[in-house]
Each structure stands twice: as structure tokens, then as C-alpha cells.
Amino acid sequence: MNKQLRQLYTTRYKTPLLIVLLVLFSLYLFSGLSTINSWKNTQRYYHSEEFVTDFNAFPENYVIGYDEEKDQEIYPIDIEEYRKHQLTVFTRWWEEGPATFYQVGRHYYDKHDSFYLHLVFIFLFVLGFSLFFIDQKSNFNHFLFSLSWTKKELFQGKMTTVVLPIITTVALGTLSNILIRYFGIPRMYVNATFSQFLYSGFSHFIIGILILIAGILLGILLGNLIYGPIVLIIVMVSLLLFSEVYQEYLYYIDALFDYPIHYDWQALVVVTPGIDGTPWFILVFYFVLTILFYFLSRTIFQQISLENNGCMLTVPTLRFPVFLTLSALSILWFVPLFANLSFYFQYEAVIPFLQIVVTTLLCLVTSYLIVYIDDWPRAIGRFWYRSFKKVH
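Just so it is clear, the model here is predicted, and its values are computed rather than measured. (Residues numbered from 1 in each chain as written. Predicted model: local features only at pLDDT ≥ 70, side-chain atom pairs only at ≥ 80, totals over all residues. Heavy atoms only, no water.)

Peer 1: In this structure, what is going on with the nonpolar core? I would like to understand it.
Peer 2: Across soluble globular proteins, nonpolar side chains have a tendency to be buried as a group. Counting residues in hydrophobic clusters, the biggest one holds 66 residues, and the most contacted among them are Leu124, Ile166 and Tyr286. Sorting elements by how many residues they give to this core places helix α7 (residues 194–221) first, with 13 residues. Ranked by size, the runner-up nonpolar core spans 23 residues in total, among them Ile79, Ile178, Tyr189 and Phe197. (Core = buried A, V, L, I, M, F, W, Y, C linked by side-chain atoms within 4.5 Å. Buried < 20%, exposed > 50% of the residue type's maximum accessible area, 1.4 Å probe, protein only. Helix = DSSP H or I, 4+ residues; strand = E, 2+ residues; numbered from the N terminus.)

Peer 1: I'm lost on the packing of helix α2 (residues 49–57) against helix α3 (residues 79–87) in this one. Help?
Peer 2: If you want to describe how two helices pack, look at the angle between their axes and the distance between the axes. Viewed as axis vectors pointing N to C, α2 and α3 meet at an angle of 120 degrees, and their least axial separation amounts to 11 Å. Judged on the interaxial angle alone, α3 and α2 are oblique. Handedness of the crossing formed by α2 with α3: right-handed. In this structure, α2 contributes Phe51, Val52 and Phe55 to the contact, and α3 contributes Ile79, Tyr82 and Arg83. Across the contact of α2 with α3, the residue classes tally to five nonpolar, no polar and one charged. (Axes fitted to C-alpha atoms, helices over the stretch in contact; angles between N-to-C directions. Parallel < 35°, antiparallel > 145°, perpendicular 65-115°, else oblique. Left-handed = near helix turned anticlockwise from the far one by under 90°. Contact = heavy atoms within 4.5 Å. Nonpolar A, V, L, I, M, F, W, Y, C, P; charged D, E, K, R; others polar.)

Peer 1: For this particular structure, what's the right way to read the packing of aromatic side chains?
Peer 2: Aromatic ring pairs: the centre-centre distance and the angle between the two ring planes describe each pair. Taken as a whole and judged by the stated rule, the model has 37 aromatic pairs. Between phenylalanine 145 and phenylalanine 301, the aromatic rings sit 5.9 Å apart at their centres with planes inclined by 70 degrees, giving edge-to-face as the arrangement. Of this pair, phenylalanine 145 sits in helix α5 (residues 140–145) while phenylalanine 301 sits in helix α11 (residues 280–303), placing them 156 residues apart in sequence. For the pair phenylalanine 145 and phenylalanine 301, one class covers both residues: buried. For the pair phenylalanine 183 and phenylalanine 194, a centre-to-centre distance of 5.9 Å together with 45 degrees between the ring planes defines the contact as tilted. In this pair, phenylalanine 183 is assigned in helix α6 (residues 151–183) and phenylalanine 194 in helix α7, connecting sequence segments 11 residues apart. Note on phenylalanine 183: relative accessible area 59%, which makes it exposed. (Phe/Tyr/Trp six-rings, centres within 6.5 Å; stacked < 30°, edge-to-face > 60°.)

Peer 1: Looking at this model, I keep getting lost on a nonpolar patch on the surface. Mind explaining?
Peer 2: Together, Trp280, Phe281, Val284, Phe287, Val288, Ile291 and Phe295 line one region of the surface with nonpolar side chains, adding up to about 710 Å² of accessible area. Looking at where tryptophan 280 falls in the secondary structure, it is placed in helix α11. (Patch = residues over 30% accessible without salt bridge, like charges linked within 9 Å, V, L, I, M, F, W, Y side chains within 5 Å. Areas by Shrake-Rupley, 256 points an atom, 1.4 Å probe, with all protein chains shown as cover. Salt bridge = Lys/Arg side-chain N within 4 Å of Asp/Glu carboxyl O.)

Peer 1: Help me understand unusual backbone geometry, please; the structure alone is not making it clear to me.
Peer 2: Keep in mind that most residues, glycine aside, have a negative phi and that most peptide bonds are trans. The phi dihedral of asparagine 139 is positive, around 65 degrees, even though this residue is not glycine. Within the fold, asparagine 139 resides in the loop between α4 (118–137) and α5.

Peer 1: Just checking my understanding: could you explain the pattern of salt bridges for this structure?
Peer 2: Pairs can form between side chains of opposite charge whenever their charged atoms are close. One pass over the full model with this rule turns up four salt bridges. Of the charged contacts in the structure, one is a salt bridge between arginine 83 and glutamate 80, with a shortest N-O distance of 2.6 Å. With arginine 83 and glutamate 80 both in helix α3, this residue pair falls three residues apart, about one helical turn. For arginine 83, a relative accessible area of 7% puts it in the buried group. Judged by relative accessible area, glutamate 80 falls into the partly exposed class, the value being 43%. When the shortest N-O distance is used, the salt bridge between aspartate 135 and lysine 158 registers 2.3 Å. Remark: lysine 158 occurs in helix α6 and aspartate 135 occurs in helix α4; sequence separation between them is 23 residues. Using a relative accessible area of 2% as the deciding quantity, one classes lysine 158 as buried. Through salt bridges with shared partners, a single network forms among Arg12, Asp135 and Lys158.

Function-wise, these values are silent; they only describe arrangement.
Structural data, given as C-alpha cells:
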């Protein structure tokens, strides 16, 4: 990359980029430290005089499982067994104690997990969107396009100077979080291997970069100062419904196939690096999608014209393909939710065709209104003009 272009981007982004990198790395760091602190507080309680006294006085209150064959509760042999049972890190939701096996695609619950990393994906999505959207609205693009570099060079320069350090920070933050969580708790209580932690971290990293690049694509594609951020919010709220949408599709899979393989949604979107691992073929899909979003972002950026500044889409000629894509995705996303098809599959009831049709039409109309919002003022103006002429 040209040194002058690098210097230009460094001058503009140096301070805000350092702040962003610090915040991002702090989220990973504080998440790991918070998890360890929570576990140690629990450990201190189970070694406290209060707990020992209560355990010795009321041993019948401390159960570690249930024997279905004998139809009776299982009690610990001694206090140490109960402590290990409670302090072991990972469990499965349907098991009463520590997880006894590992499988990629399954979710393993850590009750000491903090919620700092739940903010990372939201942060990355908004950050990716802002990197290019703000430059459009602050007229920095006007300045860039007046320089001697091509738009392709400008795009690659920003990706190298700004986006690459963010990706590096996500990688280092993920690794630091893994090291803190793996080595911060005594090995006898960590029922996972280091390689499982690394694979979980890699799964988290891949989906995180996909979300970042998806935000960049939206930031390049959307150009309206008001409606652009509104669409961003709509997309984020829709993505938060992923678990419900995924559960709906699981019912369809159950209805169509015998003994299908189920994956927990938390393992498909690994928010916190632990031992949840995404199946390899889904990671490949995420990677291909990331590459696709990258090339789409670069291609669209090269077609941006200052004449279209303020339009809903920075490249109006893409309105129809965007409309088709948005319609298809919204139908696939919202029809199962609002029509509640899983209920009809599960209980073999009559499929609600009316609800399906209405929801589909709403998705199509909403998609059209969003994509072609630039035509609203002219359409409304023509309507009132014709109405006025008829009256007079």
C-alpha cells in the first residue's frame, strides 16, 4: 500500500482506532477475569465454615444427582466430592452435574461466565458499519475521491490500516480470554482440554469476523443519514431472534428426516470462547460468506458516486437485486416465526396458509418500501398533485 495513503488513514483514525482497540481488548480481558473471580468466590464459599457446618448438619440437603433405575437421589460420599461436583466448570443443560462427554456442535454451560463478550458481536457489527458510513456522511469520501488513488486502493488501504488491526485485536483478545479461563482455574475442575478451548476460540473468531465484514457491507451499501442507521437497528434486532428462528427450522428437520443430527444454536454462534465448538462445515460456510461479503463490499465501494450521496443505497442500480435478496431473507426469517409453523408440524394440525401469505406479503411490501424509499417523496408529490387537479 502507498505510504502516503497509509499516513493519511493513520492521521485520521489513529486516536479513535486506539480507543476502539482498547475497548475491544478490555471486553475480552474483563470477561476472563470476571469469570475467574466468580469461580473463586464460589470456591471460597464451599470452603467456608458456614458451608461446612451446614453440610455436616443437613447432609440430606446436598444432592449431586438422581438414579432413575433405583428411583432415588444420589448423595456425595463426602464434602470433597460435593465441592468438586459444584466447582467443575462445564455442564450440559440436561445433566445435573459436570459434563461427562464432549461433542462439537453441543452447548456446555458455565454458570460463572460473564456477559462482557455478549457485547462484542454487537460492537463489531456497529463498528464495521460506522467505518464506512461515517466517512460518507462526514464528507471524508469527497476528499478521498478527489485524490489520485483509485477507489480500489482507497478501500484496500482502509481495510489494511483500520480493519486489520481490529481483526488482530479480536484474535489476541480471544486468545487472552482462553488463557485466563483455562489457567485461572485448577485443572481438576476444568473438564475440558486446551485444544477444545482453542477450537471454541477459533469458532468465536470466525463468526466475529463475519459479523464485522457484514457491518462493513451495510455501511458501504446504505447511504441515507436517517434511514441507514434505522435499517442497521432492524437488522440487529432481527439477528437477535436467531435462536427462535433456528428452533423453528429444527421442527421442520425433525418432520422431514428420521433421527436428524441436532446442533445447539449456542454452538453455531459461539459468543463466549469456552468449549462450545462449531461444526467444521459450518465454519467453512462462515468463511466463504465472509469472503463473499468482502468482495461485495469492495465492488460496491468502487461504484459509489458522490451524485448519489444521501440516497438509501449508495449505488441505486443495485436496488432490484437488493430488493430480491432482502425479500427472500425476510421471508425465510419471519414466516416461520409469525406463522408459528412448528406448532402445526408438531401437532399435525392444518397449516395456516392465510398467515403464511399475509406474512410473505408484509415482508415483500416492507422490503420494497425500505429499498425504494427514495421514490416516496416523488410518489407522494405526484399523488397530491393529481388529487388537487381532479378537485379543481
